Amino acid sequence: MAGASYAAQVHEPMAMENIQRQPVPIGKVFIQRDYSDGMKVKFQTKLPLEINDRIDQRMFETTVIRLNEIYGDAEALKARIFCEGCLICLTGYLALLCVKSHYERKVKEAARYIQSQNDEVYAPRGLVLVDPFERGLRVIEIVILPQDRG
């Protein structure tokens, strides 16, 4: 657990010695869903005022737009995905023991992307993106951590 990032440790049980080392969040910001295009999973790209001094608008937009693309692709209606669903139903869902569904693969892709963005972009700025899947795809939670002033 020592090599894991803060985002990976948020929901894991912690030993007493690790509690002292965890940075205490000083706030949270929530990026709401954008329902302008209907019910598809799409998040707003407007940078919240609470974090505009830590990250610039373009970096934030790039992250949210990429997440919107991944979740949009996960819910896309394509012949291949339809056939995959039929195969899963015909095998009594036993096919899911052998292969991951398209949706599962895209959710994992989004989680990997969020982790890489946390490591490369957000964590150095004292921010942590929480996977929207953990929040029921309702919001993107951004945890604000104290910045080192050293």
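What counts as what
Residues numbered from 1 in each chain as written. Predicted model: local features only at pLDDT ≥ 70, side-chain atom pairs only at ≥ 80, totals over all residues. Heavy atoms only, no water. Helix = DSSP H or I, 4+ residues; strand = E, 2+ residues; numbered from the N terminus. Buried < 20%, exposed > 50% of the residue type's maximum accessible area, 1.4 Å probe, protein only. Contact = heavy atoms within 4.5 Å. Areas by Shrake-Rupley, 256 points an atom, 1.4 Å probe, with all protein chains shown as cover. Expected span 1.5 Å × (residues − 1).

1. Points about the overall build of the protein
Scanning the protein for helices and strands turns up five helices and three strands. Counted from the first residue to the last, the protein has its helices and strands arranged as α-α-β-α-α-α-β-β. When each of the 150 residues of the protein is scored for burial, the buried share is 36%. Pairs at least 24 apart in sequence give 55% of the contacts found in the protein among residues at least 6 apart. A total accessible area of about 9500 Å² is found for the protein, and carbon and sulfur atoms account for 58% of it.

2. Quick word on helix α4 (residues 79-90)
Relative to the 16 Å expected for twelve residues at 1.5 Å per residue, α4 spans 16 Å between its end C-alpha atoms, a close match to the ideal helical length. Where α4 terminates, the next one or two residues include Gly92, which has phi positive at roughly 65°.

3. Section: unusual backbone geometry
Phi is mostly negative for residues that are not glycine, and the peptide bonds are mostly trans. Here the phi dihedral of Tyr93 falls at roughly 65°; this positive angle occurs in a residue that is not glycine. Locating Tyr93 in the fold gives a position in the loop between α4 and α5 (102-122). Take Tyr93: its relative accessible area is 52%, and that puts it in the exposed class. Phi is positive for Leu137, which is not a glycine, with a value near 55°. Overall, the relative accessible area of 7% leaves Leu137 in the buried class.

What is shown is where atoms sit, not what they do.
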